[in-house]
Amino acid sequence: MSSVAVRVENLSKMYRLGVINNKFLYKDIQTWIAVKRKKEDPHSKIGEDKYRGDKDHFWALKDISFDIKKGDRVGIIGKNGAGKSTLLKILSRITAPTEGNVKIKGKVASLLEVGTGFHGELTGRENIYLNGAILGMKKRRIDKKLDDIIAFSGIEHHIDTPVKRYSSGMYVRLAFAVAAHLDSDILIADEVLAVGDADFQKKALGKMQDLSTDQGRTVFFVSHNLGSVKNLCNTGIVLEAGRIISYDAINNSIEKYIGPKVLLKNKSNSAYISELSANLEARIVAESGIGIFKPFAVEVTLSSRIKTENISIHVAIGNDEIDNICCVASAETDNIKLNIAVGINKYTCYFPSLPLVAGAYRLRIAIVNPFCHIYYNNKEFLYFDIPEDIPDKGQVATLPVYHGLTYIPHKWSF
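Basis of the calculations
Residues numbered from 1 in each chain as written. Predicted model: local features only at pLDDT ≥ 70, side-chain atom pairs only at ≥ 80, totals over all residues. Heavy atoms only, no water. Core = buried A, V, L, I, M, F, W, Y, C linked by side-chain atoms within 4.5 Å. Buried < 20%, exposed > 50% of the residue type's maximum accessible area, 1.4 Å probe, protein only. Helix = DSSP H or I, 4+ residues; strand = E, 2+ residues; numbered from the N terminus. Contact = heavy atoms within 4.5 Å. Pairing = 2+ DSSP bridges. Axes fitted to C-alpha atoms, helices over the stretch in contact; angles between N-to-C directions. Parallel < 35°, antiparallel > 145°, perpendicular 65-115°, else oblique. Left-handed = near helix turned anticlockwise from the far one by under 90°. Nonpolar A, V, L, I, M, F, W, Y, C, P; charged D, E, K, R; others polar.

Colleague: Whenever I open this one, the nonpolar core confuses me. Can you help?
Modeller: Ranked by internal contacts, the top residues of the largest apolar core, which has 41 residues, are I128, L174, F176, L187, M208 and F221. Only β5 (108-111), α4 (139-153), α5 (168-181), β6 (186-190), α6 (198-213), β7 (218-222), α7 (226-232) and α8 (250-258) provide two or more residues apiece to this core. In terms of residue count, the dominant contributor to this core is α5 (9 residues). Each residue touching I128, except ones within four places of it in the same chain, is listed here: I142, L146, I149, I150, I159, L174, V178 and L182.

Colleague: Hey, could you run me through the pairing of strand β9 (residues 243-249) in this one?
Modeller: Moving residue by residue along a regular strand, the side chains alternate between the two faces of the sheet. Across 6 bridges, strand β8 (residues 235-240) lies against β9 in antiparallel orientation. Looking across to β9, one finds that V238 is bridged to S246.

Colleague: Would you explain the packing of helix α3 (residues 124-134) against α4 in this entry?
Modeller: Helix-helix packing is characterised by the crossing angle of the two axes and by the distance between the axes. With their axes 10 Å apart at the nearest point, α3 and α4 run at an angle of 130 degrees to one another. With respect to each other, α3 and α4 are oriented oblique. Handedness of the α3/α4 crossing: right-handed. Residue-level inspection shows R125, I128, Y129, G132 and A133 of α3 in contact with α4, the latter providing K139, I142, D143, L146, I149 and I150. Partitioning the contact of α3 with α4 into residue classes produces 7 nonpolar, 1 polar and 3 charged.

These figures come from the coordinates and say nothing about function on their own.
Written out as structure tokens, the structure is:
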């Protein structure tokens, strides 16, 4: 386990809903002793299966195993209730597993909830020393890092104010600054950066990457912002109903979570729309290839058994960070109202130039009527990639650098 920072073996965690204890302290002590000795709970009901899954029991995690190497940046992905927070609480030693083992090499610093570990009556400065003491650091060691922690948090003017008067954003700034600068081998962050502003999120992600690449720390990061996870992490774990469905490189794990990129040139996806009694099929057409500034078209085919008047077709382009980078609608173009006839209907949305920088994008189709009734709206319908621009052979100029999401045509003058 020399290069392994965290080893999880057959880990499971069951919760029993609505039951806190046995009502009497001596019974709780007897149950605790029985569990420690790996014997049957003397106060369980006769014939009761301790690990059954019924309405009073559920598995938050079930039989998961993985090894994380030192310096890895691990993104834990999954829907709400998949078991992400439970896993991090076990890794942080906040709760114990029902079954299995967790072996951790080094000290752990956790950011599971905003303000966790802070004492409301103490000032920000005093809480820095309190958190350092919890991690086993000496006062002189904290003294050396105090100025860096305060500067990174950006709340210098409020550092001697009791933290009970802090906003949630100030809480998370200080909590992250403490966890990132104090001596720990493993940093665990669970969705806490969602509270901070955009500038601090960017700074925090950069700090976590530096901790991993420069100092060799291991990072566990949970976020529903897949763009942030993709930018920070090199490894991904996808949880579903308490089980691991993917443990792979981060790009592969994200693809497993959101679904594969299923559409390329001259291929299509189809869906059935019950309200219109119609089959919808859409495809992307790019005769000269998909790329920045190149023509781009979306063809929508509706095979309908009924007639429908005055519909509007919406085409929205987004990515992992922003749902709607661009959204166009037929009803907004010269006030065109489309009709669906019985049989096959074809519609085309043509973009003469696609001013999007290199990256992965998704396109969704929506069909609505003038009264904003939505017949169809699929948020993850088509996927496409815009590659980096490659200069022609013999071209001396360097590659163009495009920042942000879109490119706006412009000219320079001197």
